[in-house]
Amino acid sequence: MSGPVAGPVVIRDVAGLRAMVAGWRREGASVGLVPTMGALHDGHYALIAASRAAGHRTIVTLFVNPTQFGPHEDFAAYPRDEAADLRVIADAGAALLFAPPVEVVYPPGFSTTVTVGPLGEPLEGEFRPGHFAGVATVVTKLLLMALPDTAYFGEKDYQQLLVIRRLARDLDIPVAIAGVPTVREADGLALSSRNRYLGPADRVVAAALPRVMRETAAALAGGTPAAPLLAAGRAALVAAGFSAVDYFAVVDPATLQPLDRVEGPARLLAAAHAGHTRLIDNWPIEPGRRGT
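Residues numbered from 1 in each chain as written. Predicted model: local features only at pLDDT ≥ 70, side-chain atom pairs only at ≥ 80, totals over all residues. Heavy atoms only, no water.

A. Just the sheet that holds strand 7 (residues 244–251), in detail. With respect to topology, three strands assemble into an open sheet ordered 7-8-9, the strand pairing being antiparallel. In this open sheet, the two strands that pair with only one neighbour each are strand 7 and strand 9 (277–285). Put simply, the sheet's adjacent strands are angled 10° from each other on average, direction ignored. Direction of pairing for strand 7 relative to strand 8 (residues 266–274): antiparallel, over a ladder of seven bridges. When the bridges of strand 8 are listed, phenylalanine 248 appears paired with alanine 270. Packed onto the sheet, helix 9 (residues 208–220) meets strand 7, strand 8 and strand 9 and runs at close to 30° relative to strand 9. (Pairing = 2+ DSSP bridges. Helix = DSSP H or I, 4+ residues; strand = E, 2+ residues; numbered from the N terminus. Axes fitted to C-alpha atoms, helices over the stretch in contact; angles between N-to-C directions. Contact = heavy atoms within 4.5 Å.)

B. Spatial organisation of the pattern of salt bridges. Within the structure shown, the criterion is met by 14 salt bridges. Here arginine 211 and glutamate 215 are joined by a salt bridge, their closest N and O atoms 3.8 Å apart. With arginine 211 and glutamate 215 both in helix 9 and four residues apart, this pair spans about one turn of that helix. Accessibility expressed as a relative area gives 35% for arginine 211, which makes it partly exposed. According to the relative accessible area criterion, glutamate 215 is partly exposed, its value standing at 46%. Several salt bridges converge on common partners, so that one network encompasses Glu73, Glu124, Arg128, Asp246 and Arg278. (Salt bridge = Lys/Arg side-chain N within 4 Å of Asp/Glu carboxyl O. Buried < 20%, exposed > 50% of the residue type's maximum accessible area, 1.4 Å probe, protein only.)

C. Region of interest: the pairing of strand 3 (residues 57–62). Most of strand 3 is tucked away, with five of its six residues classed as buried. Bridging between strand 2 (residues 31–36) and strand 3 involves six bridges; their strand directions are parallel. Looking across to strand 3, one finds that glycine 32 is bridged to threonine 58. On the question of chirality, the crossover connecting strand 2 to the parallel strand 3 by way of helix 2 (residues 42–53) is right-handed. Pairing analysis gives three bridges linking strand 3 to strand 4 (residues 96–98), with the strands arranged parallel. Across the sheet, valine 60 pairs through a bridge with leucine 97, a residue of strand 4. (Right-handed = clockwise from strand over helix to strand, strands pointing away.)

This is a description of form; function is not addressed.
What follows is the structure, given as structure tokens:
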């Protein structure tokens, strides 16, 4: 166990993490957990703030999880700067950074995988096979390593949030899963660690994603049949400069099943490529409210 002179303690092994949490429990403290892959930004800051606002001593985990990346994805290039992340964590007031090496999370001979059935199959599951098995497995491990009272995840990764809620419920993991609203730039772009990949021209293109989603969500809220609105939204993204649109779909917010029209609460989800950067986002829809 080691840490800086001021700010959060840094722990890299499970025994040290559990010993620290046990000490907090003896003091009567509650515990919040914020799992991250680093490259922290204001969205992560909001997760830490939500945990602290609930009165928790807050653990931030930093682990770039290899099992949720496909063979041609950006695992090797994913931004890593623990020193910068530690400054964000300290400024946000977290008590502890858990930053294990790969061999601690996946020791030799590790062979167990957690899968979450239908929730992980469409949308991201279709375009990133195996992604949610990697997410579900590592999050299950992190929840069981720390056993916090509450774990905090951003709504920006909406499908991931549903997958994690399902695994906690199905596996009887005694941790509440809290979703925190998406934090956005002034032009609406959802904050993401991958936004730093965007060059100036691609950043201009990227701003069209939240704009098109907001406009489409407002139209869908009026009860208009979904198919033509979704087709128009995809076309608008391509016209704005996106090189590809993986999906642009309106779904039931609990099951992720596609909807032909919005007659109750719904969610619009999208994944699109601005240059070499793949962006995902989602937008809530309330029926009858064109100002969604």
